[in-house]
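Below, each chain spelled out in residue letters.
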Amino acid sequence: MKKALVISGGGSKGAFAGGVAQFLMKEKKRKYDMFLGSSTGSLMVSHLALGMVDELKDLYTNVNQRTIFNSNPFLIKKIHGEKVISINYLNMLWNFINGRKTFGESKNLRKLIKNNITEEMYQQIRYNNIESVVTVSNLSANKVEYKSINDCTYNDFCDWIWASCNYAPFMSILVKNGCQYADGGFGSIVPIKEAILRGAKEIDAIILETEITQINRIQSKNPFSVLFDIFDFMLEHVERHNITIGKLSANENDVKLNLYYTPTVLTTNSLVFDKKLMTKWWAQGYKHAKLKYNEYANEFRPNLQ
């Protein structure tokens, strides 16, 4: 029986998913035949396929804005001890003057991927026959594509991971094979159905949002914050659509589906990478997974009375 671990998009909130995966794989010794990710989830599948949880934790708890952006569209200021996000208009203006397509650029993330997902790791995953799949949005063809490590060269797979993580227009766009690619979450933020189509009969899905909407946003102050709010609104509904379709497909195909949501709202801007917060979220993910795993175990335990 094939088992899959599915990780949704969520930017810096991926640290929470890492904590959940650590509990499932290290504490409960869960073995998976396939790993599927979208956006930040795509960045995690290679390490998890090889059981490199400690290395993944080191990666997710040590990144910052500079390791992601070579041209950062955001400014982070401290006001009364709290971090406040604003738009870096100077960097955006410079990008426009130079004819770039996006408000910011994430070429540093591409370097980070190449440095942390090595060709040796790529070869080992293929040798172990563990299916690792990343989700990308083909903006030119207007469709979602799923890229398996078994169908890609090493450099191509790194490109697809990078594309899947690029939250355009605030991050770069990948131009490849005559098409433009961006964040996989734009079309499939939780690829549960794809895991089922690839033969999974039991799925643990980590969803980097709360199960019930808990955000009541303050009014936007500029066009960019309006754009952020619109994107968040659309992606939340894409996510809920993905989950609904995934649940229906699981029922139709007799697939056991375990969903791990975040218990609280972690952040309203997942493109801000803060080492202290991400370390905290990793620990929260581990703790929450322990609670939910016990609930699922009790739910499916046979009644012996």
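Before reading further, recall that the structure is shown in the block above.
Rules used throughout
- Along each chain, the written sequence defines residue order, and numbers are assigned to residues from 1.
- Where local features are concerned, this predicted model is filtered to residues with pLDDT of at least 70; where side-chain atom pairs are given and counted, the filter is 80 or more; whole-chain, interface and lining totals use all residues.
- As a rule here, side-chain values cover all heavy atoms of the structure and leave hydrogens and water aside.
- Pairing of aromatic side chains here covers Phe, Tyr and the six-membered ring of Trp, requires ring centres within 6.5 Å, and sorts the geometry by plane angle: under 30 degrees stacked, over 60 edge-to-face, intermediate tilted.
- Strands are runs of DSSP state E lasting at least 2 residues, helices are runs of H or I lasting at least 4, and numbering of each runs from the N terminus.
- Here's how the labels work: a residue is buried when its accessible area is under 20% of the maximum for its type, exposed when over 50%, partly exposed in between, all with a 1.4 Å probe on protein chains only.
- Criterion for a salt bridge: a side-chain nitrogen of Lys or Arg within 4 Å of a carboxyl oxygen of Asp or Glu.
- For two strands to count as paired, DSSP must find a minimum of two bridges between them.
- Assignment of crossover handedness uses the view with strands pointing away from the viewer, where a clockwise path from the first strand over the helix to the second indicates a right-handed crossover.
- Nitrogen and oxygen atoms within 3.5 Å of one another constitute a polar contact, given that in protein one can donate a hydrogen and the other can accept it, and given that sequence-neighbouring residues count only through two side-chain atoms.
- By the convention used here, residues are in contact when the closest approach between their heavy atoms is within 4.5 Å.
- This arc describes the spread of directions from the helix axis toward the C-beta atoms.

Asker: So, the packing of aromatic side chains: which residues are in play, and what are the values?
Answerer: Applying the stated criterion across every chain, the model contains 13 aromatic pairs. With a centroid separation of 5.4 Å and an interplanar angle of 85°, the aromatic rings of Phe23 and Tyr286 are classed as edge-to-face. Here Tyr286 lies in helix α11 (residues 275-300) and Phe23 lies in helix α1 (residues 14-27), a separation of 263 residues in the sequence. The class for Phe23 is buried, based on a relative accessible area of 1%. Judged by its relative accessible area of 26%, Tyr286 is partly exposed. Ring geometry for Phe23 against Tyr293: centres 5.9 Å apart, planes inclined by 70°, an arrangement best described as edge-to-face. Of this pair, Phe23 sits in helix α1 while Tyr293 sits in helix α11, and the two are 270 residues apart along the sequence. Members of the aromatic cluster, connected to one another through ring pairs, are Phe69, Phe74, Phe96, Phe103, Tyr167, Phe170, Phe186 and Phe231.

Asker: Account for the pattern of salt bridges, naming residues and giving values.
Answerer: This model, assessed by the stated rule, comprises 13 salt bridges. Of the charged contacts in the structure, one is a salt bridge between Glu145 and Lys147, with a shortest N-O distance of 2.7 Å. Taken individually, Glu145 and Lys147 each receive the classification buried, so the pair is uniform in this respect. Of the charged contacts in the structure, one is a salt bridge between Lys256 and Glu202, with a shortest N-O distance of 3.9 Å. Here the residue Lys256 occupies a position in strand β10 (residues 256-261), and Glu202 occupies one in strand β9 (residues 202-207), the gap between them amounting to 54 residues. Given a relative accessible area of 30%, Lys256 falls into the partly exposed group.

Asker: I'd love a proper account of the pairing of strand β1 (residues 3-7), names of residues and values included.
Answerer: Burial within β1 is extensive, with 4 of its 5 residues counted as buried. Of the strand pairs in this sheet, β1 and β9 are connected by 5 bridges, and their pairing is parallel. Counterpart to Ala4 in the pairing with β9 is Ile203. Crossover handedness for the path β1 to α1 to strand β2 (residues 34-38): right-handed.

Asker: Describe the side chain of Thr210, with residues and values.
Answerer: Within the fold, Thr210 resides in the loop between β9 and α10 (223-252). Classification of Thr210 by relative accessible area gives buried; the value is 4%. Among the polar contacts made by the side chain of Thr210, one reaches the main-chain carbonyl oxygen of Ile212 at a distance of 2.8 Å. In this structure Thr210 touches Arg240, Tyr261, Thr262, Pro263, Thr264 and Val265, once residues within four positions along its chain are discounted.

Asker: Any chance you could break down helix α6 (residues 107-116) for me, citing the residues and the numbers?
Answerer: Residues spaced three or four apart along an α-helix point in a common direction, a consequence of the helix completing one turn every 3.6 residues. Those residues of α6 that sit buried are Leu109, Arg110, Leu112 and Ile113. Within α6, the buried residues cover an arc of 160° as seen down the axis, which keeps them to one side. Facing away from the buried side of α6 by more than 90 degrees, the exposed set consists of Lys111 and Asn115. On its buried side, α6 packs onto α2 (40-49), α3 (53-60), α4 (65-68) and α8 (154-165).

Asker: Tell me about the pairing of strand β6 (residues 143-148), and name the residues and values.
Answerer: Two strands pair when backbone bridges link them, and strand β5 (residues 131-138) and β6 are joined in this way by 6 bridges, in the antiparallel orientation. Along β6, the bridge assignment pairs Val136 with Glu145. Here β5 folds back onto β6, and the loop between the two strands holds 4 residues, one of which, Asn142, carries a positive phi near 60°.

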